[in-house]
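Take a look at the letters that make up each chain.
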Amino acid sequence: MASFQAPPSEPKPETPLSSISLTSFILKLGTPWADGTASISQCAINPGETFVYRFKVDRPGTYFYHGHYGMQRSAGLYGSLIVDVADGEKEPFHYDGEFNLLLSDWWHQNVHDQEVSLSSNPFRWIGEPQSILINGRGQFNCSMAAKFSNATVSQCKFRGNEQCAPQILHVRPNKIYRLRIASSTALASLNLAIAGHKMVVVEADGNYVQPFEVNDLDIYSGESYSVLLRTDQIPSKNYWISIGVRGREPKTPQALTILNYFPTSASKLPTSQPPITPPWNDYNHSKAFTKSIFALMGSLKPPKNHDRRIILLNTQTKVNGFTKWSINNISLTLPSTPYLGSIKFGLNHAFDQKSPPDNYDSKNYDIFNPALNPNSSYGNGIYTINFNTTVDVVLQNANALAKDVSEIHPWHLHGHDFWVLGYGEGKFRDEDEKKFNLKNPPLRNTAVIFPYGWTALRFVADNPGVWAFHCHIEPHLHMGMGVVFAEGVHRVGQIPKAALACGLTGNKQN
Ligand SMILES: O=C1O[C@H]([C@@H](O)CO)C(O)=C1O
């Protein structure tokens, strides 16, 4: 069992009072109240309160945890969670050392103001981040690689102990290093490259994958990878590691750090230019990477058939004039009593008992153009899944409100891994099912939909609880881009009181 405790919050007069909840990317089999989703699996933790997350860590991998109340992840409430293999067990690959890189993005505008802007009419978008951070460290208004830049940006000056100085990766020649890379970004899709080095991808979202070699790696918010890096280059030099933005026109400089070979001094800057991220809209590059990910031979295979298919159309819409994201024309608003408690206690008036639809009007909806009618409505109804059945979810992308705009959305499922059965262009059709990969689809907990495309996932509803499934872009979730699945809730054991201490379950003892 592992447990981590919410940081004790002692409200000081100048600190705004704010609740939190923490989620992590572990499955939480049998302890759905430890999933950390406020209004879904638990009540938010109020200032001064403590909530202990106790759950079974059932397999090794690269994970992270973060706040799941409002946009707290954007405000910096996140951290890594690395699970080592159990004693006596071995990873299916060898390495001599490891580094952990948790990536994020950073705005100068505070998150409260961002939330207000996003919830205003007229809508004010948060724009692109000012910096990309590596392990919470990033630069602004200076570049470590200034001498390679055409712009008149100044050279960053570091002694090495400043908070914003990059964490340098110190390596020895002719070794193999495991880089654990996870993305907690609020918005940015990223690409990472190491000058002069290739990487071998071996793990995705805590699952082993069939190893494959890349020059650079795309990573979307919510995802994690492990790559192996062989330090086989000239040891008298150092090498740039650069991270740039994908999928949105970048207005954010690449994040940089250095791969420092022993015995070269870490302060010796690399002599060649940092790797340049592929053009932001080179989607073919991203698709080629994403489609090269397969499960390691011998991994768990998906069931051959599904019991239910849910098609989820992703649209940017208007509700009463406010800009929102909607799924099958419903923009998710969470109830004040968390679903887990209200379903367990049969409190039928805690949320809308009507399920959202399993499909959209796929015959008539033109995914390539702005909707003829952009209006949708708020809702907090959920998808109730029969326990132990197999569900296919097809995420269907579409044009946003503006013409010729369709964005990337990384969708993250709580409480499960899913198999990624396929990606396609345009509208999903029944016959696309014939092309699903049932042989070696990767098991993941986050999968991306590309502009104007679809992504098909399969999971088995074998984890009693109530689980969020949402776009991992923080402002998009805030704008309603998510759905909720419930399965086998009557099988859930005794829910700790702290998870129920609000709304209509506030006085429940179970
Ligand atoms: O949700 C979003 O809103 C803006 C834009 O569509 C409207 O300003 C944007 O880029 C998003 O991802």
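Everything numeric here is computed off the predicted structure, so don't read it as measured data.

1. Regarding the environment of threonine 390
- Mapping threonine 390 onto the fold places it in strand 22 (residues 390-396).
- Under the relative-accessibility criterion, threonine 390 is labelled buried at 7%.
- Each C-alpha atom of the pair threonine 390 and leucine 413 lies 15 Å from the other, and the pair is 23 residues apart in sequence.
- In contact with threonine 390, other than residues within four places in its own chain, are Pro303, Asn305, His306, Asp307, Arg308, Arg458, Phe459 and Val460.

2. Looking at the site of the ligand
- What surrounds the ligand is the set Phe123, Trp125, Arg248, Gln316, Trp325, Glu407, His476 and Met479.
- A distance of 3.0 Å is found between an oxygen atom of the ligand and a side-chain nitrogen or oxygen belonging to glutamine 316.
- Here an oxygen atom of the ligand sits 2.9 Å away from a polar atom, N or O, in the side chain of tryptophan 325.
- For the ligand, the accessible surface in isolation is 310 Å², of which the surrounding protein chains cover 76%.
- Its residues placed into classes, the shell around the ligand shows four nonpolar, two polar and two charged.
- Per-domain counts for the shell around the ligand show at least three residues from each of domain 1 (97-290) and domain 2 (308-505).

3. Observations concerning the side chain of glutamate 203
- Checked against the element boundaries, glutamate 203 lands in strand 11 (residues 199-204).
- Glutamate 203 gets classed as buried once you look at its relative accessible area, which sits at 1%.
- A distance of 2.8 Å separates the side chain of glutamate 203 from the side chain of threonine 62, its partner in a polar contact.
- Polar side-chain contacts of glutamate 203 include one of 2.5 Å to the side chain of serine 226.
- Residues contacting glutamate 203, with those up to four places away along its chain left out, are Gly61, Thr62, Arg178, Arg180, Tyr208, Val209, Ser224, Tyr225 and Ser226.

4. Details of the state of the cysteines
- In the structure shown here, the tally under the stated rule is two disulfides.
- The disulfide bridge from cysteine 43 ends at cysteine 502, spanning 2.1 Å between sulfur atoms. The disulfide joining cysteine 43 to cysteine 502 has a torsion of about -80° about its S-S bond and is therefore left-handed. Of the two residues, cysteine 43 sits in the loop between strand 2 (22-24) and strand 3 (52-55) while cysteine 502 sits in the segment after strand 29 (482-487), which places them 459 residues apart along the sequence.
- A sulfur-sulfur distance of 2.2 Å marks the disulfide that ties cysteine 142 to cysteine 156. With the S-S bond torsion at 100°, the cross-link from cysteine 142 to cysteine 156 turns out right-handed. With a gap of 14 residues between them, cysteine 142 in the loop between strand 7 (131-134) and strand 8 (169-171) and cysteine 156 in the loop between strand 7 and strand 8 connect regions that are remote in the sequence.
- Residue cysteine 142 is classed as partly exposed on the basis of its relative accessible area, which comes to 22%.
- For the protein, the bonded cysteines connect in the pattern 1-4, 2-3 when numbered consecutively along the sequence.
- With no disulfide of its own, cysteine 164 lies closest to cysteine 142 among cysteine sulfurs, the gap being 6.9 Å.

5. Brief notes about the nonpolar core
- Ranked by internal contacts, the top residues of the largest apolar core, which has 39 residues, are Leu312, Phe469 and Phe485.
- Two domains each put at least three residues into this core: domain 1 (97-290) and domain 2 (308-505).
- In contact with phenylalanine 485, other than residues within four places in its own chain, are Ile310, Tyr383, Ile385, Val393, Leu413, Phe459, Gly465, Val466, Trp467 and Phe469.

6. Details of the environment of leucine 169
- One can find leucine 169 in strand 8.
- Each residue touching leucine 169, except ones within four places of it in the same chain, is listed here: Phe99, Leu101, Leu179, Ile241, Thr257, Ile258, Leu259 and Asn260.

7. Remarks on the domain arrangement of the protein
- Looking at the assigned domains, one finds that the protein contains domain 1 (97-290) and domain 2 (308-505).
- The gap between the C-alpha centroids of domain 1 and domain 2 is 30 Å.
- Listed per partner, the contact involves 27 residues of domain 1 and 24 residues of domain 2.
- Across the interface of domain 1 and domain 2, roughly 2200 Å² is buried in total on both sides, 58% from carbon and sulfur atoms.
- Our count for the domain 1 to domain 2 interface comes out at four salt bridges.
- A salt bridge links arginine 444 to glutamate 223, with the shortest nitrogen-to-oxygen separation between them at 3.6 Å.

8. With respect to the UniProt feature "domain: Plastocyanin-like" (unreviewed entry) in the protein
- When the UniProt feature table is mapped to this numbering, "domain: Plastocyanin-like" (unreviewed entry) covers residues 29-84, 99-261 and 363-488.
- A helix fraction of 0% and a strand fraction of 30% characterise residues 29-84, whose end C-alpha atoms lie 19 Å from each other.
- For residues 99-261, the end-to-end C-alpha separation is 14 Å, with 5% helix and 43% strand making up the annotated structure.

Parameters and conventions
Residues numbered from 1 in each chain as written. Predicted model: local features only at pLDDT ≥ 70, side-chain atom pairs only at ≥ 80, totals over all residues. Heavy atoms only, no water. Helix = DSSP H or I, 4+ residues; strand = E, 2+ residues; numbered from the N terminus. Buried < 20%, exposed > 50% of the residue type's maximum accessible area, 1.4 Å probe, protein only. Contact = heavy atoms within 4.5 Å. Near = heavy atom within 4 Å. Polar contact = N/O pair within 3.5 Å; in protein donor to acceptor, adjacent residues only side chain to side chain. Areas by Shrake-Rupley, 256 points an atom, 1.4 Å probe, with all protein chains shown as cover. Nonpolar A, V, L, I, M, F, W, Y, C, P; charged D, E, K, R; others polar. Domains from an automatic or database assignment. Disulfide = S-S within 2.5 Å. Core = buried A, V, L, I, M, F, W, Y, C linked by side-chain atoms within 4.5 Å. Buried area = accessible area lost by both parts, 1.4 Å probe. Salt bridge = Lys/Arg side-chain N within 4 Å of Asp/Glu carboxyl O. UniProt positions renumbered as here; feature names shortened; annotations may be inferred.

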